[in-house]
Structure formats: C-alpha cells, structure tokens
Amino acid sequence: MTYDAIVVGAGVEGSATAYYLAKNGQKTMLVEQFPLPHSRGSSHGQSRITRKAYTDDFYVKMMLEAYPRWTELETETGTSLFTQCGMLAMGTDGSNYIKEIRDALDKYHVPYEALSKEQLKTEYSINLPPDASGVLDPSGGILRADRAVRALQNQFLKLGGYIRDAETVTEIEPGAIVRIRTKKGTYEARKLVLCLGSWAGSFLSKHLDVRFPFKTVKITVCYFQEKNEGQYSVDRFPTFSFKRSVPYDMYYGLPAYEYPGLLKIFLHYGPEINPDYRDEKPDSSAQETSKKFVKSFFPEVKPNPVVTETCIYTMTPDEHFVLDRHPKWDNIIIGAGFSGHGFKLAPVVGRILGDLAMTNENSYDLTPFRLDRFNRRSVL
Ligand SMILES: Cc1cc2nc3c(=O)[nH]c(=O)nc-3n(C[C@H](O)[C@H](O)[C@H](O)COP(=O)(O)OP(=O)(O)OC[C@H]3O[C@@H](n4cnc5c(N)ncnc54)[C@H](O)[C@@H]3O)c2cc1C
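Here the residue numbering is sequential within each chain, running from 1 through the sequence in written order. With the structure being a predicted model, the display of local features is reserved for residues of pLDDT at least 70 and the display and counting of side-chain atom pairs for 80 or more, all residues being used for whole-chain, interface and lining totals. The basis for every side-chain value is the complete set of non-hydrogen atoms in the structure, without hydrogens or water.

*Asks:* Which parts of the structure should I look at to understand the sheet that holds strand S3 (residues 47–50)?
*Replies:* Backbone hydrogen bonds hold the strands of a sheet together, and the pairing may be parallel or antiparallel. Paired strands, in this sense, are two strands between which DSSP finds at least two bridges. Runs of E in the DSSP output that reach at least two residues are strands. Runs of H or I that reach at least four are helices, and both are numbered from the N terminus. A sheet is described by the order of its strands in space; here 3 strands give the open sequence S3-S8-S4, paired in antiparallel fashion. Across the chains shown, the open sheet's two edge strands, defined by having one partner strand only, are S3 and strand S4 (82–84). When strand polarity is set aside, the average angle formed by the axes of neighbouring strands in this sheet is 25 degrees. Across 4 bridges, the pairing between S3 and strand S8 (residues 141–144) is antiparallel. Bridge pairing in S8 places Arg 48 opposite Leu 143. Angles here are taken between N-to-C directions and fall from 0 to 180 degrees, while the axes themselves are lines fitted to C-alpha atoms, restricted in helices to the stretch in contact.

*Asks:* How do you make sense of the packing of aromatic side chains when you look at a structure like this?
*Replies:* Remark: the centre distance and the inter-plane angle together describe each pair of aromatic rings, the angle taken between the planes. Any two rings among Phe, Tyr and Trp, with Trp reduced to its six-membered ring, count as a pair given centres within 6.5 Å; such a pair is stacked if its planes are under 30 degrees apart, edge-to-face if over 60, and tilted if neither. Counted according to the given criterion, the structure contains 26 aromatic pairs. Within the aromatic cluster, the residues linked to one another by ring pairs are Tyr 124, Tyr 232, Phe 237, Phe 240, Phe 242, Tyr 251, Phe 293, Phe 297 and Phe 298. Sitting above the plane of the Tyr 54 ring, Arg 51 keeps its charged end 4.1 Å from the centroid. Placement of a charge over a ring requires the Lys NZ or Arg CZ to be within 6 Å of the ring centre, with the centre-to-atom vector within 35 degrees of the ring normal. Between Lys 52 and the ring centre of Tyr 67, over which it is positioned, the NZ or CZ distance is 4.7 Å.

*Asks:* It is not clear to me how the domain arrangement of the protein should be interpreted in this structure. Could you clarify?
*Replies:* Bring the parts together and some accessible area is lost; that lost area is often taken as the interface size. Taken as a whole, the protein is organised into domain 1 (2–44 + 146–214 + 318–378) and domain 2 (87–138 + 215–315). Boundary definitions for the domains trace back to an automatic or database domain assignment. Computed over C-alpha atoms, the centres of domain 1 and domain 2 are 30 Å apart. On the domain 2 side, the residues contacting the 15 residues of domain 1 number 12 residues. Both sides together, the interface formed by domain 1 and domain 2 hides about 1,200 Å², and carbon and sulfur atoms give 47% of it. Buried area is calculated as the accessible area (1.4 Å probe) missing from two parts once they are joined, with the contributions of both summed. The largest share of the area that domain 1 buries against domain 2 comes from Arg 40, Ser 198 and Phe 214, three residues that together contribute 39% of it. Whenever Lys or Arg places a side-chain nitrogen within 4 Å of a carboxyl oxygen from Asp or Glu, that contact is recorded as a salt bridge. Linking domain 1 with domain 2 are 1 salt bridge. One salt bridge in this structure joins Asp 276 and Arg 40, with 4.0 Å as the shortest N-O distance. Pairing of N or O atoms within 3.5 Å defines a polar contact, subject to two protein rules: one partner must be a possible hydrogen donor and the other a possible acceptor, and residues neighboring in sequence count only if both atoms are side-chain atoms. Put simply, domain 1 and domain 2 have 8 residue pairs in polar contact (both at pLDDT 80 or more) between them. We call two residues contacting when some pair of their heavy atoms lies within 4.5 Å.

*Asks:* Please explain the pattern of salt bridges as it appears in this structure.
*Replies:* Oppositely charged side chains can pair when the atoms bearing their charge come close. Per the counting criterion, the structure on display carries 22 salt bridges. Across the pair Lys 23 and Glu 76 runs a salt bridge, and its minimum N-O distance is 2.4 Å. With Lys 23 in helix H1 (residues 12–23) and Glu 76 in helix H2 (residues 57–77), this pair connects stretches of sequence that are 53 residues apart. Type-normalised accessible area, obtained with a 1.4 Å probe on protein chains alone, sets the label of each residue: buried when under 20%, exposed when over 50%, and partly exposed for intermediate values. Owing to a relative accessible area of 28%, Glu 76 belongs among the partly exposed residues under this scheme. For Arg 164, the salt bridge is made with Glu 167, and the minimal N-O distance between the two is 2.5 Å. Overall, the relative accessible area of 33% leaves Arg 164 in the partly exposed class. For Glu 167, a relative accessible area of 4% puts it in the buried group.

*Asks:* Would you mind showing me how to read the environment of Arg 181 here?
*Replies:* Here Arg 181 lies in strand S11 (residues 178–182). Arg 181 sits in the partly exposed class, given a relative accessible area of 25%. In this structure, the C-alpha to C-alpha distance between Arg 181 and His 44, residues 137 residues apart in sequence, is 26 Å. When residues no more than four places from it in sequence are discounted, the contact partners of Arg 181 are Thr 168, Val 169, Thr 170, Glu 171, Glu 173 and Thr 186.

*Asks:* Please explain helix H7 (residues 285–297) as it appears in this structure.
*Replies:* Each helix should span, by expectation, one fewer than its residue count multiplied by 1.5 Å. For H7, built from 13 residues, the straight-helix expectation of 18 Å at 1.5 Å per residue is met to within 8% by its first-to-last C-alpha distance of 18 Å. Within the span of H7, buried status applies to Ala 286, Ser 290, Phe 293, Val 294 and Phe 297. Viewed along the axis of H7, the buried residues span an arc of 95 degrees, placing them on a single side of the element. Projecting away from the buried face of H7 at angles above 90 degrees are the exposed residues Lys 292 and Lys 295. Those residues of H7 that are buried lie in contact with strand S13 (215–225), strand S14 (239–244), strand S15 (249–254) and strand S16 (262–267). It is the directions from the helix axis to the C-beta atoms whose arc is reported.

*Asks:* What am I meant to see in unusual backbone geometry here?
*Replies:* With glycine set apart, most residues show a phi of negative sign, and most peptide bonds adopt trans. Here Leu 36 and Pro 37 are connected by a cis peptide whose omega angle stands at -5 degrees. In this structure, Pro 37 sits in the loop between strand S2 (28–31) and S3. Geometrically, the link from Val 246 to Pro 247 is a cis peptide bond, its omega value of -10 degrees lying close to zero. When you line up the elements, Pro 247 lands in the loop between S14 and S15. The phi dihedral of Ser 125 falls on the positive side, at around 55 degrees, and the residue is not glycine. Checked against the element boundaries, Ser 125 lands in the loop between helix H4 (117–124) and strand S7 (132–137).

*Asks:* For this particular structure, what's the right way to read helix H3 (residues 97–107)?
*Replies:* Helical geometry: 3.6 residues make up each α-helical turn, so side chains three or four residues apart lie on a common side. Along H3, the residues that are buried comprise Tyr 97, Ile 98, Ile 101, Ala 104 and Leu 105. Axial view of H3: buried residues confined to an arc of 130 degrees, hence all on one face. Trailing H3 by a residue or two, His 109 shows a phi angle of about 55 degrees, which is positive.

Now the structure itself:
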C-alpha cells in the first residue's frame, strides 16, 4: 500500500502531525522506534508549562492558535489536558527578558500583569535580585503531557491512522514515492515527515545529507518540597520561569501538581549526551545548580530535591525550531530542534508540518524556522 504520508517519530510533534494529516483525510502511518509509551525522548512525563509569555512575537502568535487547538483535542477526546494556573515570567533588567516579553505580548494585545520585585516577594514569597521584575501571564498553565500524547495518538487511530511502534527506521530511499525500511518491512508514501527528536542529528546527516548545528542535552528535573503545606499548590501558585544574564541562568518551574507538596524545577540547560546513552555518565551539576537557585530565591521551599527525573532537550543555537522541507527532496519534511519549548506548540507544529506535506499554503512566515538560517555551509 502507498500511504499519503508516513510520519517517523511518535513524540508529541510527530503524533500531532500524524493526527493533523489524518484529520485532513490523508492515509497516514506513524512509525516509532520504541514500544509506546516510552520515556527515552523529550515528550514523556506528566506536565509541561504552557504560556503566551514569549520573548519572540512569532511564538505569541502561534500560541494564539495553539490554545484553541488543544481545547479542540480535549473536546474530541473527552479528556482534560489543561490546567490554567497562570505563568509568572521573572528576569533581571540585564537579561532584557521581561521587557521582550512585554513587547511581544503588547504586539498581540495579550493581557498580563507587571510585577515589581517587592510584589513578587509579598505575593509569591520569591526573593529575587534587586534588579528583577516579573510578568504574570494569566492564560498560562500546565498541559498534561503523557495524557496529551496519548490523546493525539488515540485520535489519530480513530481517524483511521496506522501506528507501528518498536520499529526503527534504518533506511530511506527518496523519490516521488519515498520508501523507508525497518527490520520488519519496507513502507512507502508520497510524503515523509521526520520528527526524530534527539535522534534527528545523526539520522539526517547519515541518511539524507542534512547537517545543522544542534546539541542533545540531558535535563535533570528536580522536585523540591514546600515547607508549608499547600503554599505551592496549583490553585495558589503559577508556573514560572527566571532568567538572568550574569551569571547566565534560565530556569523553569511548576507548582505542586504532579506530586503533592513538590514543586518541579529544572535548569534550561545540561550536559551534552548521546540520546542512546542518556544516563551512562552520572552528572550532578544541574541538580547542584537548581539547589542553589531554590536556596537563594525560594526561602519557603526545602533546598534538597527529593525526587529527580531526566529528559532530553534538542537545542538549536538560536533556540528556534526547524520546520522545513529537505533542501533537495521537497516531499521530505523535517520537524526538529524544539529546544526545550516545543510541547505547548505541538498542535501548531503539527499543522505547519502537515500543511508542508500536503503542500498547502502556510499562514506563518516560516523564515525563523528554515534550515538555511544556520548558514549555507551547514546544509550540505
Ligand atoms: C524536562 C523537559 C521539560 C520540558 N518542559 C517544557 C515545557 O514546560 N513546555 C514546553 O512547551 N516544552 C517543554 N519541553 C520541550 C518539549 O517537551 C519538547 O520540545 C518536545 O517534547 C519535543 O518533542 P519531539 O516529538 O520533537 O521529540 P521526542 O518526544 O523525543 O520524539 C521523537 C521520537 O522519534 C523517535 N525516533 C527517533 N529516531 C527514530 C527512528 N529512526 N525510527 C523510528 N522512530 C524514531 C524517538 O524514539 C522519539 O519517540 C520540555 C522538555 C524536557 C526534556
């Protein structure tokens, strides 16, 4: 059988793309190397932050589309995926973080509340450096990650899609009809969409002669215990971020939601790893840095993490995604480099990649996401 489209990679981005294609009447197969569900990539875990508070206005615009698309999925599947608790972005003047967020939100008339360092202290018990301030994006909150990926895959199956898990794609034969091979078979389609997460770099350079600079890094998520019961519960405390430039620091955090009384906090960077050997080398530096962060700024949280979990980021140098066609074969579409902030945008990414596959017009300027932005030399 010749499929209209094959999507490789059943993380949130590939699953959202497969769902969008099936919804648009495309006979689509989704192929995944690991048995589903799995915790080896970037999309596992119970929660992700969602927000409109971005420093780049094009992401604010995309988030205006993402919200109703998540709601549509909730309605279609009868599943609750979103908890609105707000998102509090905090930063020092030197980082320009808060100014850039305010400018981007202003451009799209997104409401927010500006907060001084003193208000952050009195309203949230957060003790920031003297030149810090914040922005509360009330539309922000938490997406239930595992549940969302499952909802996308279940809805894809309901729409007539096919999923083949525990099959690694090991070869690609480009052409008007693209063929892919796994140990179990050869499959063909008119369009191929590759959403390979942290495996994109090695796969694209080996099989499709595409190289772009990105790093796969291990992120250690730490869960810290509140000192006073209920103080950081999701009905009282928002999701949050903090950025400063000297020393460079970027953190994300969520209120006690996954586990009672435990805040989830993680540093936005980590050591470079090979995704096939993620936990081979023990590394406690991210944990130590997060401990210092909590100790300095969250006096009402115990500074030693009681639980840790790991996950992988695929970082591009500018932290923008890659959403583009292959430079030579335009029926091969690439979605990669989601740089630690791609979950919330998955329904929009799925639509963009799906439209590229169906050769539909795209309603976004995709310039920030093009492969050739990294410079001509990097795309061979
Ligand atoms: C700790 C952590 C916290 C995060 N927090 C947030 C947040 O708060 N908000 C937010 O918006 N984003 C967040 N993100 C980022 C977001 O989760 C990712 O951007 C997103 O999950 C990327 O999804 P993906 O589909 O590209 O990758 P993945 O989920 O890794 O999916 C890629 C899939 O491709 C499969 N694959 C690879 N090669 C092959 C092959 N050859 N054959 C078959 N299958 C293959 C892999 O097995 C994998 O399942 C966070 C990420 C992490 C790690």
